[in-house]
Amino acid sequence: MTPTAKPASAALQRDEMGGTTCPPLFIQLNQLLSTAAGLEWREKARWIKFEEKVEEDGERWSMPHVPVLCLHSLFQLRTCLQEGMVLLDLEALSFKEIIDKALSGQPEEAELQPELKVQLAALLLRQPRHQPSTALLQRLAQLSTSPCRGRAEGGSEPRAQLSATPLKEQLRNQFQKKIPPGAEAAHVAVGEVEFLEKPFAAFIRLRRGVALGSLAEVALPSRFLFILLGPHAKGNMYHEVGRAMATLLTDELFQRVAWQAEHREDLVTGMEAFLDELAVLPPGKWDPSAHIPPPSCVPSPHRRTTMHPPDWQSQHNGDMAAAADRAGLGCLDSREELERTGRLFGGLLRDIRRKMPWYRSDFSDALHPQCLSAVLYIYLVTVTNAITFGGMLGEATANMQGVLESFLGTAFAGSIFCLFAGQPLTILSSTGPVLVFERLLFSFSQDHGLDYLEFRLWIGLWVAFFGLVLVATEASHLVRYFTRFTEEGFCALISLIFIHDALKKMWHLADTFPINWQYRLDDITSYSCICNLSSLGHSSAGNDTQLPSSMAPWQPPAALAGLSRTQCLGQGGHLLGTSCHYVPDITLVSFLLFGGTFLSCAALKRFRSSRYFPVGPTNPVRGWIVLPFGANPWWICLVSAVPAVLVTILIFMDQQITAVILNRREYKLQKGAGFHLDLLCVSLLMVVTSATGLPWYVSATVISLAHMESLRKESTTSAPGEHPEFLGIREQRLTGLAVFILTGLSVFMAPVLKHIPMPVLYGVFLHMGVAALNSIQLTERVCLLLMPAKHQPDLPYLQHVPLRRVHLFTITQLLCLALLWALKSTTAALLFPVMLLALVGIRRGLERVFSPRDLSWLDSLLPAAAPREAAAGRPRRQAAESGAEEDVGDARARRSAPGALRRGGRA
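Here's what I pulled together on the structure shown here.

Conventions adopted
- Residues numbered from 1 in each chain as written.
- Predicted model: local features only at pLDDT ≥ 70, side-chain atom pairs only at ≥ 80, totals over all residues.
- Heavy atoms only, no water.
- Buried < 20%, exposed > 50% of the residue type's maximum accessible area, 1.4 Å probe, protein only.
- Helix = DSSP H or I, 4+ residues; strand = E, 2+ residues; numbered from the N terminus.
- Arc of directions from axis to C-beta.
- Contact = heavy atoms within 4.5 Å.
- Disulfide = S-S within 2.5 Å.
- Salt bridge = Lys/Arg side-chain N within 4 Å of Asp/Glu carboxyl O.
- Axes fitted to C-alpha atoms, helices over the stretch in contact; angles between N-to-C directions.
- Left-handed = near helix turned anticlockwise from the far one by under 90°.
- Nonpolar A, V, L, I, M, F, W, Y, C, P; charged D, E, K, R; others polar.

1. Quick word on helix α4 (residues 114-124)
Logical step 1: Every buried residue of α4 is listed here: Leu-116, Lys-117, Leu-120, Ala-121, Leu-123 and Leu-124. One face of α4 carries all of its buried residues, which in axial projection span an arc of 160°. Seen from the open side of α4, the exposed residues pointing more than 90 degrees away from its buried face are Pro-114 and Val-118.
Logical step 2: Looking at the buried side of α4, the elements it contacts are β1 (25-35), β2 (38-47), α3 (95-104), β6 (200-211) and β7 (221-230).

This is the structure:
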């Protein structure tokens, strides 16, 4: 740790031990300007987290931006703190009392003449002209009442005295809503005066917050004041020094030092710590007038106090420390939910005890308007997913399972899971891996003459039994070994399956309904097709030879026009006309729907020859209860244990990978997870869905994440330019339960849903596949393989891992993905769940090829490696700190020279 950073770190530790926090500050910069009416104080800038300045026209505020300071102004500010007046814990009740004590407390060598004190006090007590934040309607009203004025009048006369009470403009200021509760004000006043021969600088901290009337733009108690007045200076020096002081007060570390400073030296040391982290932008390499937008995230004060400058720590040590930090954050080894108890069902009982106290609040916490919008949003997503997977299951299983079964199964399984699961925010669905296995299982049953539903029933019963064994033995702790390498391989495979199946179905549709290339607009009057029954025994294969009319029974013209092609051919007639072999451009419109349009759904009923929701099951051959014996040989109940092992692996990985993602620490969940309880619920639901012929259900990652995102809790008040603070997730059971109940009621929407054409569902599948594929880092790294180095983005892992090592890691993942795809496409496709599990072993073997530092950036460390790397990083940091102590004298010598070259601690 740098020596100048120690006061800041000590301030942080005292805050933690004392339980006190510094209130946020609203900082206002007033500058003394010369106008036609005389000298006038005008508000020029303001800060909460970021800077806002009054634009040159004086009519509007700029967008919040990161302040850019002149390096020379910081050195001058340090001189002001070293040589100017510093009053700490000043007792005063008004601004006039503060000014009087500041002017009377000057040292003898710097004391002003009595007449100068009077002039200075009168000048400081003038009312500043604020730049209020007006709403749009107020600005329009000002324009309508004064259309000829270039600037709306406001504020006060230049020589008006400061009001002891807030003005109406302050109380009506809309900017007050953006200031965090409990905030206090800091005032910075700078300017040039002719009657002073040398600068007058004062830094004042009040013992308690005091309302200073109309001094600030908003009515807040004031805590800090900084005054800098002096003779004419070069350029805009006083303004830049004032901006430097305001920016310094927005820094959390210096703000805490300023709160607890007991002497002038504490303030100077706090500023030195600020300068140690300073980064300098060279002139001529950027536009100083450009505003730097606020970043999405900034390092915490605790992390800043533990960062090591590059003078005393090598890059390798820093990377190892960062790797250990990321390993500690990403590893689930220390989570209570994944610790083994060593007893049968010990983890399950612990999950139940953890979740029971929260059960009542799981319903009361849902009484919020945000939950209503979440229900509507997730309901639409769930219905779309049920239709999509139901349609695909119907085609994959010859309608043994269809959309009706998908809706009923989703409603039943999802409702039961939301009522009894450990993580009720999870949304159950029939996922891509399950769909792949269902297709393979149906094909296997057809090829070997087995009854599909009975075979599937026994597999489901075995899967439920194996799931209970996994719950009893606390096997969920194995999810600690599911790193990004495994998750990305799993996600990429399913995404490619979605994309491949959607494109394959559309290609098949193009073959079935080819585009009519022979259509001619000029021949439209000759296009017709009629049924001719006068020649019985002839077909419509293009033979226009007519039999004697006496051989054909007479049909009225209306009957001829009303016959369909099938009826005409069935009665022995034939078709006459130039458009009898016309094929509509189904493919063209289908691809339009496939690309995202739903406008032609009502006109394309011919796309579907069967209804989505018949009265009974989708396939009339089957019933609602699947009998365990009768259709297949008796030994199938024993043999089905073999594919059940594969399904168990598939269900376990799909369920637990999703559970790990949903229960990460960054979501700030307060009620805990329930890995064992969730797996138990899924296993028991397998029994019911198998016995009724409904689809199998596991956690759907994409929909579950969307559910959690719709329940995000954020701070209602945020400073300009500051992103709302994430407070956590609204954890409850009611939104998921309502979604699944509405899904079950959607069965009665059959008259509408049956007209949805399949290309629409294929388009949904394509979107789901592409969206999931774009969300993983693997896709990003594959693009790097084809991208020249000069065009590669500035990604974090590229800054720490050699490019050739990144490419090697990417190629390894691609080879594993290709192996999975090849295995899925062969006769051994039933074994691909085992290959998914083998990804964990392959990831383990990569530790012999890649260093822990590389894996910490490209993936995450396995539980066994994370503590080892964290222990390895500690002695290096301790050695770096001891080396830092030896160089304290040299560092202070460098800081003592104002013109010395500084190297920032941050890039």
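2. Considerations on the state of the cysteines
Logical step 1: Taken as a whole and judged by the stated rule, the model has 1 disulfide.
Logical step 2: There is a disulfide in this structure between Cys-531 and Cys-568, and the S-S distance comes to 2.0 Å. Between Cys-531 and Cys-568, the S-S dihedral sits near 90°, and the bridge is therefore right-handed. Of this pair, Cys-531 sits in strand β9 (residues 530-532) while Cys-568 sits in helix α20 (residues 565-570), and the two are 37 residues apart along the sequence.
Logical step 3: According to the relative accessible area criterion, Cys-531 is buried, its value standing at 7%.
Logical step 4: Owing to a relative accessible area of 0%, Cys-568 belongs among the buried residues under this scheme.

3. Quick notes on the pattern of salt bridges
Note on pairing: side chains with opposite charge can pair once their charged atoms come close.
Logical step 1: Across all of its chains, the model carries 25 salt bridges by this definition.
Logical step 2: Across the pair Glu-91 and Arg-207 runs a salt bridge whose closest N-O atoms are separated by 2.9 Å. Of this pair, Glu-91 sits in the loop between β4 (85-90) and α3 while Arg-207 sits in strand β6; the two residues are 116 residues apart in sequence, bridging distant segments of the chain.
Logical step 3: By relative accessible area, which is 34% here, Glu-91 ends up partly exposed.
Logical step 4: With a shortest N-O distance of 2.8 Å, Arg-208 and Glu-91 are connected by a salt bridge. Of this pair, Arg-208 sits in strand β6 while Glu-91 sits in the loop between β4 and α3, and the two are 117 residues apart along the sequence.

4. Side note on the side chain of Glu-438
Logical step 1: Tracing the backbone through its elements, the reader meets Glu-438 in helix α16 (residues 432-447).
Logical step 2: Other than its neighbours up to four places away in sequence, Glu-438 contacts Leu-393, Thr-397, Gln-401, Tyr-452, Arg-456 and Trp-696.

5. Quick look at the packing of helix α29 (residues 777-785) against helix α30 (residues 803-824)
Helix-helix packing is described using two parameters, namely the angle between the two axes and the distance between the axes.
Logical step 1: With their axes 10 Å apart at the nearest point, α29 and α30 run at an angle of 115° to one another. The handedness of the crossing between α29 and α30 is left-handed. The residues of α30 that touch α29, namely those facing Leu-778, Arg-781, Val-782, Leu-784 and Leu-785, are Val-806, His-807, Phe-809, Thr-810, Gln-813 and Leu-814.
Logical step 2: Residue composition of the contact of α29 with α30, by class: 7 nonpolar, 3 polar and 1 charged.

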